Amino acid sequence: MRKNFLGLAFVGLLALSNTGCIKSMLMNGQIKSTRIGAGAADTIGDYEVIRSAAAAGVLQFEGMHRLAPDNEDGLFMLLRGWAGWGYGFALDDYQVAELAGDDVAAEYHKKRTKMAYDRALSYGLELVAKRDDGFDKAKKNDATLGAWLKENFDSKEDAENLFWVAYAWMSRVDLLQDDPAAVADLYIGVDMMQRAFELDPTYYGSSPMVAMAAYHGRTADAETKQARALFEQALKNTKRGALTVQLTYAQFACTIADKKLYDSLVDEILAADDPDPKQRLNNAIAKRRAARMKSPKKMQDCGFP
């Protein structure tokens with residue numbers, strides 16, 4: 001799934017004497033190794049352990065990026081790290097405060113979440129520009145952006161970078177629903193996600209498929225049949241082991257006021273016992289949020305009795 005950005009090259013005695021070059025090679029190798037090993041965090045289901053490690057991780061990569069600013073593995077890890085921190089931890093704090101009715105804390109954590117998504121996007125767009133720097137012109141409208149994406153991103157491996165940029169973009173818009181300017185640019189994240197979906201719909205537990213399902217089911221008047229079909233396919237793809245699929249599907253059920261579907265999905269999440277060892281972290285997050293979805297306030301927000 002990951003491109004090898006660090007090919008080996010023959011070096012002569014003159015090159016070996018270049019200390020700066022050697023340091024650069026060592027740093028690039030360390031960054032790539034860290035990227036390869038980072039997936040181990042997904043297998044750990046202790047939310048608090050990963051919360052602490054995630055904060056240290058993004059700071060580590062900020063430092064590495066300063067030392068190797070052109071390293072694409074480093075840019076990717078900052079993109080994914082900040083997007084993941086925003087969703088998994090800052091947004092969680094925001095939702096807890098909002099549910100508790102603590103407006104001051106909710107506003108504070110909302111700003112933290114936005115900062116994480118903003119930072120993810122800054123690195124993500126820098127990473128995308130390594131392929132082609134025409135994004136600013138391409139985002140003029142939906143048609144020009146779609147054409148640019150198809151022209152410059154045409155391999156299965158491209159889905160990874162596009163997914164995380166699109167994910168950060170769409171998550172930021174979802175957070176800032178009261179900001180007309182942010183909402184107006186939703187198509188940018190959607191187009192990127194659609195391209196990731198076209199290239200590899202099953203990437204990272206069928207995440208592009210789930211994201212597109214959520215988009216199609218964003219309102220009760222949207223493309224609900226298409227949303228249901230994508231959610232059901234994602235459940236099949238993941239063998240119901242990636243609980244974020246059920247979580248997002250339950251949020252859709254809330255949108256369309258389908259209490260039976262909502263209850264069945266939330267109950268399934270809460271009853272699940274380590275359904276996929278490769279998804280333990282995401283499943284732990286899903287369980288935390290599913291428990292809150294049983295609260296009277298959340299049920300009332302969905303219009304359920």
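Look a little higher up for the structure.
Residues numbered from 1 in each chain as written. Predicted model: local features only at pLDDT ≥ 70, side-chain atom pairs only at ≥ 80, totals over all residues. Heavy atoms only, no water.

Moving on, we come to unusual backbone geometry. With a phi close to 50°, Tyr204 is a non-glycine residue in the positive phi region. Along the chain, the position of Tyr204 falls in helix 11 (residues 203-216). Unusually for a residue other than glycine, Arg240 sits at a positive phi of about 60°. Here Arg240 lies in the loop between helix 12 (224-238) and helix 13 (243-255). Assessed through its relative accessible area of 35%, Arg240 is described here as partly exposed. (Helix = DSSP H or I, 4+ residues; strand = E, 2+ residues; numbered from the N terminus. Buried < 20%, exposed > 50% of the residue type's maximum accessible area, 1.4 Å probe, protein only.)

Applying the stated criterion across every chain, the model contains 16 aromatic pairs. Ring centres of Tyr87 and Tyr167 lie 6.1 Å apart, and the angle between their planes is 70°; this geometry places the pair in the edge-to-face category. Of the two residues, Tyr87 sits in helix 4 (residues 72-100) while Tyr167 sits in helix 8 (residues 158-175), which places them 80 residues apart along the sequence. Among the residues examined, Tyr167 registers a relative accessible area of 18% and is labelled buried. Centroid distance Trp148 to Phe153: 5.5 Å. Interplanar angle 70°. Geometry classified as edge-to-face. For the residue pair Trp148 and Phe153, the accessibility class agrees, reading buried in each case. An aromatic cluster of at least three residues, connected via ring pairs, comprises Tyr87, Phe163, Trp164, Tyr167, Tyr203 and Tyr204. Of note, Arg218 hangs over the ring of Tyr215, and the distance from its end group to the ring centre comes to 4.1 Å. Positioned above the aromatic ring of Tyr87, the side-chain terminus of Arg289 is 4.3 Å from the ring centre. (Phe/Tyr/Trp six-rings, centres within 6.5 Å; stacked < 30°, edge-to-face > 60°. Lys NZ or Arg CZ within 6 Å of the ring centre and 35° of its normal.)

Turning next to the pattern of salt bridges. Summed over all chains, the structure comprises 21 salt bridges. Between Glu223 and Arg218 there is a salt bridge; the shortest N-O distance is 3.5 Å. The class for Glu223 is partly exposed, based on a relative accessible area of 34%. With a closest N to O distance of 2.8 Å, Asp267 and Lys294 form a salt bridge. In this pair, Asp267 is assigned in helix 14 (residues 259-271) and Lys294 in the loop between helix 15 (280-292) and helix 16 (296-301), connecting sequence segments 27 residues apart. Through salt bridges with shared partners, one network takes in Asp92, Arg288, Arg289 and Arg292. (Salt bridge = Lys/Arg side-chain N within 4 Å of Asp/Glu carboxyl O.)

Counted at 1.5 Å a residue, the expected span for helix 15 with its 13 residues is 18 Å, and the 19 Å between its end C-alpha atoms agrees. Among the residues of helix 15, those classed as buried are Leu281, Asn282, Asn283, Ala284, Ile285, Ala286, Arg289, Ala290 and Arg292. Against the buried residues of helix 15 lie helix 3 (47-67), helix 4, helix 11, helix 13, helix 14 and helix 16. (Expected span 1.5 Å × (residues − 1). Contact = heavy atoms within 4.5 Å.)

By the element assignment, Leu91 lies in helix 4. The spacing of Leu91 and Ala116 is 25 residues in sequence and 9.6 Å in space, taken between C-alpha atoms.

This paragraph deals with the side chain of Asp200. Take Asp200: it is sitting in the loop between helix 10 (186-199) and helix 11. Despite its burial, Asp200 remains without a salt bridge, the nearest opposite charge being carried by Lys156 at 4.5 Å. Within the structure, Asp200 has its side chain in polar contact with the side chain of Thr202 (distance 3.0 Å). (Lys, Arg positive; Asp, Glu negative; His and termini not counted. Polar contact = N/O pair within 3.5 Å; in protein donor to acceptor, adjacent residues only side chain to side chain.)

Turning next to a negative patch on the surface. Residues Glu98, Asp102, Asp103 and Glu107 make up a contiguous surface patch of negative charge. In this structure, Asp102 sits in the loop between helix 4 and helix 5 (103-129). (Patch = residues over 30% accessible without salt bridge, like charges linked within 9 Å, V, L, I, M, F, W, Y side chains within 5 Å. Areas by Shrake-Rupley, 256 points an atom, 1.4 Å probe, with all protein chains shown as cover. Charge placed at Lys NZ, Arg CZ, Asp CG, Glu CD.)

Turning next to the nonpolar core. Core analysis: the biggest nonpolar cluster contains 91 residues, and Trp82, Trp148, Trp164, Met193 and Tyr262 have the highest contact counts within it. Examining the composition of this core, we find that 14 residues originate from one element, helix 4, more than from any other. Excluding its chain neighbours within four sequence positions, the residues that come into contact with Tyr262 are Ala250, Ala253, Cys254, Met293, Lys298, Met299, Cys302 and Phe304. (Core = buried A, V, L, I, M, F, W, Y, C linked by side-chain atoms within 4.5 Å.)

Another aspect to go through is the state of the cysteines. Applying the stated criterion to the full structure yields one disulfide. The disulfide bridge from Cys254 ends at Cys302, spanning 2.1 Å between sulfur atoms. As the torsion about the S-S bond is roughly -105°, the Cys254-Cys302 disulfide counts as left-handed. Here Cys254 is found in helix 13, whereas its partner Cys302 is found in the segment after helix 16, with 48 residues between them in sequence. (Disulfide = S-S within 2.5 Å.)

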